[in-house]
Amino acid sequence: MSVQLIANIVIGLALVGFLAYRQATWRYLDPARVWRGPLVLAVIGVVMLANTKTAVTTTDIVFLGIEALISVGVGLAMGSMTRFRTAATPDDKGRTLQARTGWYGAGLWFVLIAVRVGLDVLGGHMGAHLLSSTGAILLMLAINRAARALVLDQKIPGRARGMMVR
């Protein structure tokens, strides 16, 4: 195992643990920020991929496509599991809307990471080395978060009536 792979695993597990915790607990939701995280992760991931010295092969593209489909599916499931409630007291920004996915949604993070590691190992044996890059990992997280945001954007209470809940 390379130092980069070990670093990616540690960073990935820390990020997934952090995101899983955040999804399992009630958090104030800012509808205007639902897309900010996926966008930032996507930009960083694409920039990092563009700077990768590894040659992109057909096998890389196939495995990235498979992983993207799985990331979308898990993100859509996470978004559909999200529940909302109105807090009795607003936060310091005046928001009262809270959301969480719960422990099942948090568990989907561990499913996603297990599938990702499995694809990384299988792809590595088949010559797909781009999967283990930090840029690919961030891009797949961005795809997952964007799929979740797509569902959340439709489910946020008050959005269907054209008003934002504060």
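Please refer to the structure higher up on the page.
Scoring rules and cut-offs
- Residues numbered from 1 in each chain as written.
- Predicted model: local features only at pLDDT ≥ 70, side-chain atom pairs only at ≥ 80, totals over all residues.
- Heavy atoms only, no water.
- Pairing = 2+ DSSP bridges.
- Helix = DSSP H or I, 4+ residues; strand = E, 2+ residues; numbered from the N terminus.
- Salt bridge = Lys/Arg side-chain N within 4 Å of Asp/Glu carboxyl O.
- Expected span 1.5 Å × (residues − 1).
- Buried < 20%, exposed > 50% of the residue type's maximum accessible area, 1.4 Å probe, protein only.
- Contact = heavy atoms within 4.5 Å.
- Axes fitted to C-alpha atoms, helices over the stretch in contact; angles between N-to-C directions.
- Parallel < 35°, antiparallel > 145°, perpendicular 65-115°, else oblique.
- Left-handed = near helix turned anticlockwise from the far one by under 90°.
- Nonpolar A, V, L, I, M, F, W, Y, C, P; charged D, E, K, R; others polar.

Here we have 3 strands laid out as an open sheet, ordered 1-3-2, and antiparallel in their pairing. Of all the strands in the sheet, the pair left with one neighbour each is strand 1 (27-28) and strand 2 (83-86). Of the pairings in the sheet, the one linking strand 2 to strand 3 (residues 97-100) comprises 4 bridges and is antiparallel in character. Within the sheet, the bridge partner assigned to phenylalanine 84 lies in strand 3 and is alanine 99.

What follows is about the pattern of salt bridges. Enumeration according to the criterion identifies 4 salt bridges in this entry. Between aspartate 120 and arginine 116 there is a salt bridge, with the nearest N and O atoms lying 3.9 Å from each other. Of this pair, aspartate 120 and arginine 116 both sit in helix 4 (residues 102-125), 4 residues apart, roughly one helical turn. Linked by salt bridges that have partners in common, Asp30, Asp91 and Arg95 make up one network.

Before going further, it helps to spend a moment on helix 4. Spacing of three or four residues puts side chains on the same side of an α-helix, whose turn is 3.6 residues. With 24 residues, helix 4 extends 36 Å between its outermost C-alpha atoms, agreeing within 8% with the 34 Å of an ideal straight helix rising 1.5 Å per residue. Of all the residues in helix 4, the buried ones are Gly102, Gly105, Ala106, Leu108, Trp109, Leu112, Ile113, Arg116, Leu119, Asp120 and Gly123. Where the residues of helix 4 are buried, they touch helix 1 (3-24), helix 3 (58-81), strand 3 and helix 5 (134-155). Note on helix 4: the residue one or two positions beyond its end, glycine 127, has a positive phi of about 95°.

Right, let's talk about the packing of helix 1 against helix 4 for a bit. Orientation of helix 1 relative to helix 4, taken along the N-to-C sense of each, is 165°, at an axis distance of 7 Å. The pairing of helix 1 with helix 4 is recorded here as roughly antiparallel in orientation. In terms of crossing hand, the pair formed by helix 1 and helix 4 is right-handed. Where helix 1 abuts helix 4, its residues Leu5, Leu13, Val16, Leu19, Ala20, Gln23 and Ala24 lie against Gly102, Trp103, Gly105, Ala106, Trp109, Phe110, Ile113 and Asp120. Split by residue class, the contact of helix 1 with helix 4 holds 11 nonpolar, 3 polar and 1 charged.

Close contact between helix 4 and helix 5 brings their axes to 13 Å; oriented N to C, the two are set at 145°. Crossing hand, helix 4 versus helix 5: right-handed. On the side of helix 4, the interface is formed by Trp109, Leu112 and Arg116, while helix 5 contributes Ala136, Ile137, Leu141, Asn144 and Arg145. Residue classes in the contact of helix 4 with helix 5 are distributed as 5 nonpolar, 1 polar and 2 charged.

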